[in-house]
Each structure stands twice: as C-alpha cells, then as structure tokens.
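# Chains, contacts and geometry: an overview
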Amino acid sequence: MPHRAPGAPQKSRADYLSGRPIRYYRPRGSADIRQLIEDGFQAFNAARIGEACRIFTDKMLLPEHDTTIGLTVAGALTPAGLGGCMVELMERGLVDFIISTGANLYHDLHYALNFTLHRGSPFVNDVELYEEGVIRIYDVLFPATVLLETDAYIRDFLVRWGANGPVSTAELHYALGRDLLERQPGCAEYSVVAAAAAFGVPLYTSSPGDSSIGMNIAFHELMNESRLMVDPNKDVNEVCAFILAGKKNGCVILGGGSPKNFYLQGQPTLWEVYGIPKGGNDYFIQLTTDQVVWGGLSGATPAEAVSWGKVNPGVLPDTVVAYCDSTIAFPLFCEYVVGSPNGRRARKELVHKRDDLVAALKREARAAKRDHPAPEEATDTMPDLERHR
Ligand SMILES: NC(=O)c1ccc[n+]([C@@H]2O[C@H](COP(=O)([O-])OP(=O)(O)OC[C@H]3O[C@@H](n4cnc5c(N)ncnc54)[C@H](O)[C@@H]3O)[C@@H](O)[C@H]2O)c1
C-alpha cells in the first residue's frame with residue numbers, strides 16, 4: 001500500500017468532511033424548468049428527455065389509462081441526494097412500486113437516521129481517506145462510522161421485528177420503513193424506505209444479498225440463528241401479479257442493472273411461464289448512460305425488448321431512451337412531472353394488496369394451464385404458443 005512520507009502534508013478528516021451536507025431535493029414543479037424542457041430541449045438527448053416527460057405526463061398519467069407504474073433504480077442515486085425525487089413521486093401516487101439496488105435503500109437509511117453525507121471532490125487521495133476513516137462514493141464523502149451505525153440499526157431492527165421465515169423484499173422493506181417511522185418521527189420527508197411504508201409503495205430489490213442490508217441479514221442468520229430468509233420467488237410472483245392486474249403497464253428505468261430486468265421480466269413470466277398472454281409493457285422510459293453496442297441488458301433498447309414479449313410491439317412510439325446521467329435527467333424529469341396537470345393521482349397502495357393479487361395470479365395461471373396444458377401434458381391439442389403476440 002502506498003504510504004505518505006513522514007512530514008508530508010495531509011488533510012484531516014474534518015477537511016474532507018467540510019463540504020455542504022447532501023440533502024434530499026424535493027422537486028416543486030418549476031414552471032421555468034417546464035419551459036426549458038418544452039422550448040429549449042429541442043434535439044438529441046435533450047429532446048429525448050422532453051419526450052420522456054410527455055410520455056409520462058400525457059399518456060402514463062392520463063386518468064383513463066390508470067397505468068400501473070414501476071420505477072427501477074440503479075446507480076448510486078440516494079447517496080447523490082435523489083431520494084427526494086422518489087419520495088415526491090410516491091407521495092403524489094405517481095409510482096406504484098419500486099425495484100432498486102439494495103445499496104440505494106441501504107444508503108437511504110443514513111438520511112432516515114440523520115447521519116450526514118457531504119459534498120466533496122472525486123479528486124482526492126484515497127489512501128488518506130482510508131487512514132482518516134472517510135468513505136467515498138465518487139464525490140460523496142462520509143465517515144465510516146455512518147456505515148457501522150447504520151449496520152447496527154439494521155441488526156437491532158431485525159431482532160425487534162422478529163420475523164423468522166421466508167419474506168419478500170417488499171415485506172422486509174415495509175417492516176423496516178414502519179420501524180423508521182416509529183423511531184424517527186417525520187422521516188418520511190427525507191427517507192425513501194420510510195416514505196414507501198407511509199404511502200403503501202412496495203419496495204423490491206432484485207439482488208438482496210448484494211448490499212449492506214443483505215450482509216446484516218446474513219449476520220442475523222449466522223449469529224442469532226434466525227430463520228429469516230429473503231425469498232426471491234415471492235418477489236417474482238408479487239411483481240408479476242402487479243403487472244397482471246395493471247390496466248396498462250409502464251416503467252421508468254434509471255440506469256439499468258438487474259432492477260431493469262427484474263421489472264421487464266414480469267411480462268415473460270406471464271406468457272412464457274404461466275401461459276397468460278398480457279401483451280407486453282405499454283410504456284417504457286429509460287434514463288441511462290448504458291450503450292446498446294455492448295450487448296448487455298442495461299443498454300438494450302425497447303425495440304429489442306419487443307422480441308421477448310417484454311414490450312408491446314404496437315407501442316414503440318410510447319417508448320424512449322434518454323442517454324444522460326440520471327443525476328441530471330431525473331430531477332429535471334420530476335420537476336416537469338410534478339408541475340404537470342396530471343401531477344397527482346390516488347395512490348394504489350399495492351403493498352397492502354400483494355396477497356390478493358398473487359392469489360389472482362394463481363387463479364389465472366391455473367385456468368391458463370387447464371385451457372392450454374404444456375406440450376408434455378397435452379392429450380389431443382397443442383397449446384397456441386403464438387398467442388402472446
Ligand atoms: N454498501 C452497499 O450496500 C453497496 C454499495 C454499492 C453497491 N452495492 C451493490 O452493488 C450492486 C451494483 O450497484 P450499482 O447501483 O452501483 O449498479 P451498477 O454499477 O451495476 O449500475 C447499474 C446500471 O446503472 C447505470 N448507471 C449507474 N450510474 C448511472 C448514472 N448516474 N446515470 C445513468 N446511468 C447510471 C450503469 O451504467 C449500470 O448499467 C447492487 O446490487 C448494489 O446493491 C452495495
């Protein structure tokens with residue numbers, strides 16, 4: 001490990017943490033930003049952001065469409081202060097469920113617990129940071145003790161909660177959010193996890209073991225002999241059930257990563273696995289820096305998703321990808337949306353409807369199986385494999 005020569009200047013922990021606190025920014029529907037997007041964003045990715053705003057407000061939020069809207073979140077957005085945009089959309093009933101990386105939910109807990117993350121620079125000496133006990137997420141800086149104290153809170157919560165069997169991540173995050181609301185009154189204003197519980201928005205994570213929340217659940221099993229188990233099957237069926245129940249379905253995808261696929265796989269789960277032809281997603285908005293040329297899912301276009309039955313082939317005009325850092329594009333998008341005439345809807349509160357909707361999925365899947373048995377079970381008729389188109 002490189003070492004500082006004796007006597008060489010060194011910044012102190014206080015210097016690194018002297019930047020302004022990062023606060024969750026709540027969009028207010030600025031008329032100036034709406035005008036900028038309408039009149040100033042005329043070409044290239046600026047125009048794609050404008051298109052995304054109009055698809056969302058004029059189509060997805062049209063009351064008669066009653067679109068069930070999923071938001072997927074990857075990239076370090078809560079550390080960058082974008083949780084306030086998510087809170088605002090949830091409070092206004094503009095997103096019905098969220099699929100996020102665990103990291104975004106874990107780092108949201110720092111805000112809920114009133115720990116401070118600071119604005120800083122990406123051009124710093126990381127060895128000095130390490131020696132000073134300062135953690136860096138690009139240009140966001142905070143003391144390592146924030147991690148340790150957040151982890152301790154999660155472990156205490158798991159003991160208090162006492163759940164001892166398989167749960168979906170929506171159940172886990174709902175219980176976590178209720179605990180925060182009780183212990184940190186008012187924190188729904190500045191915590192995604194708490195706001196989701198307060199507003200009935202189910203929060204999923206597609207890779208539950210891959211974050212500090214998952215790491216502390218693993219501790220709970222090993223050290224407390226808990227049988228609490230995050231069951232991804234529950235998540236798959238709950239998300240699939242929401243999509244089945246949706247009159248229309250649409251998504252806003254921030255970044256890419258596994259949350260993007262976890263949302264989009266809902267349609268193939270219906271037609272490919274359960275034999276229920278829903279017809280594909282109706283609206284698709286992605287704000288991302290990912291490129292299509294590398295062949296990965298994160299950069300895959302809505303057109304490619306058509307071939308999988310993820311996106312309805314008839315609705316490609318209602319899909320858009322804006323290639324932009326989502327820390328820039330998402331707050332602009334939210335200002336536009338919040339200021340639009342359709343900028344508030346009744347909340348669906350799907351977190352309380354999970355069991356009923358999964359039961360409906362099961363009934364419909366059983367009926368589909370009866371009407372169209374799988375090839376090996378078929379007696380005299382073959383299933384119509386083309387029907388999903
Ligand atoms: N302490 C923790 O809990 C912790 C910390 C960091 C990451 N993780 C885990 O690591 C995994 C990866 O997380 P990740 O969020 O860094 O995902 P990632 O780096 O895989 O990024 C996901 C996608 O979003 C895109 N993206 C990222 N930032 C973007 C931006 N600003 N604008 C537009 N697009 C952007 C990326 O190109 C990528 O396709 C997750 O499972 C997460 O939970 C955990």
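The preceding data block contains the structure.
Note that the coordinates shown come from a computational prediction; the quantities given were computed from them, not determined experimentally. (Residues numbered from 1 in each chain as written. Predicted model: local features only at pLDDT ≥ 70, side-chain atom pairs only at ≥ 80, totals over all residues. Heavy atoms only, no water.)

Below, the discussion takes up the packing of helix α2 (residues 31–40) against helix α15 (residues 326–338). Close contact between α2 and α15 brings their axes to 8 Å; oriented N to C, the two are set at 105°. By the criterion of interaxial angle, the relationship of α2 to α15 is roughly perpendicular. For the pair formed by α2 and α15, the contact residues are I33, R34, I37 and E38 on the first element and L332, E335 and Y336 on the second. In the contact of α2 with α15, the residues fall into 4 nonpolar, no polar and 3 charged. (Axes fitted to C-alpha atoms, helices over the stretch in contact; angles between N-to-C directions. Helix = DSSP H or I, 4+ residues; strand = E, 2+ residues; numbered from the N terminus. Parallel < 35°, antiparallel > 145°, perpendicular 65-115°, else oblique. Contact = heavy atoms within 4.5 Å. Nonpolar A, V, L, I, M, F, W, Y, C, P; charged D, E, K, R; others polar.)

Locating R347 in the fold gives a position in the loop between α15 and α16 (354–371). Separated by 120 residues in the primary sequence, R347 and R227 have C-alpha atoms spaced 34 Å apart. Not counting the four nearest positions on each side in its chain, R347 is found in contact with M90, E91, G93 and F199. Polar side-chain contacts of R347 include one of 2.6 Å to the backbone oxygen of E91. (Polar contact = N/O pair within 3.5 Å; in protein donor to acceptor, adjacent residues only side chain to side chain.)

So, about helix α10 (residues 212–224). Helical geometry: 3.6 residues make up each α-helical turn, so side chains three or four residues apart lie on a common side. A rise of 1.5 Å per residue sets the reference length of α10, with its 13 residues, at 18 Å; its end C-alpha atoms lie 17 Å apart and thus fit the reference within 8%. Listed as buried for α10 are S212, I213, G214, N216, I217 and H220. Contacts from the buried residues of α10 go to α5 (102–112), α7 (144–161), α8 (169–183) and β8 (229–230). If you check the start of α10, you find a side-chain oxygen 3.1 Å away from the backbone N of I213, and it comes from S211. (Expected span 1.5 Å × (residues − 1). Buried < 20%, exposed > 50% of the residue type's maximum accessible area, 1.4 Å probe, protein only.)

Note on placement: A198 falls in helix α9 (residues 192–199). With relative accessibility at 35%, the residue A198 sits in the partly exposed group. When the C-alpha positions of A198 and T327 are compared, they lie 25 Å apart, and in sequence the two are 129 residues distant. What A198 contacts, discounting residues up to four positions off in sequence, is R178, L181 and A188.

Let us look at the sheet that holds strand β5 (residues 140–143). Spatially, β3-β5-β4 is the arrangement adopted by the 3 strands of the open sheet, whose pairing is antiparallel. Only two strands of the sheet have a single partner each, and these edge strands are β3 (118–119) and β4 (134–137). Running at roughly 65° to β5, α7 makes contact with β4 and β5 of the sheet. (Pairing = 2+ DSSP bridges.)

Turning our eyes to something else, we now look at the nonpolar core. Most often, soluble globular proteins have nonpolar side chains that are buried together. Grouped together as the largest cluster of nonpolar side chains are 73 residues, with contacts concentrated most on F56, I285, F330 and F333. With 7 residues, the top contributor of residues to this core is α15. Other than its neighbours up to four places away in sequence, I285 contacts A52, I55, F56, M60, C251, V252, I253, V320 and F333. With 28 residues, the next largest nonpolar core counts I243, V315, A365 and A368 among its residues. (Core = buried A, V, L, I, M, F, W, Y, C linked by side-chain atoms within 4.5 Å.)

Looking now at the pattern of salt bridges. Side chains bearing opposite charge may pair, as long as their charged atoms lie close to each other. Applying the stated rule across the entire model yields 15 salt bridges. Between R54 and E38 there is a salt bridge, and its shortest N-O distance comes to 3.3 Å. Placement of the pair is R54 in helix α3 (residues 44–60) and E38 in helix α2, with a sequence separation of 16 residues. Taken together, the salt bridges that share partners define one network made up of R26, E88, R92 and E189. (Salt bridge = Lys/Arg side-chain N within 4 Å of Asp/Glu carboxyl O.)

Now for unusual backbone geometry. Its identity as a non-glycine residue notwithstanding, Y138 has a phi of 50°, on the positive side. Along the chain, Y138 falls in the loop between β4 and β5. Owing to a relative accessible area of 56%, Y138 belongs among the exposed residues under this scheme. Its identity is not glycine, yet E225 carries a phi of approximately 55°, on the positive side. By the secondary structure assignment, E225 is in the loop between α10 and β8. With relative accessibility at 68%, the residue E225 sits in the exposed group.

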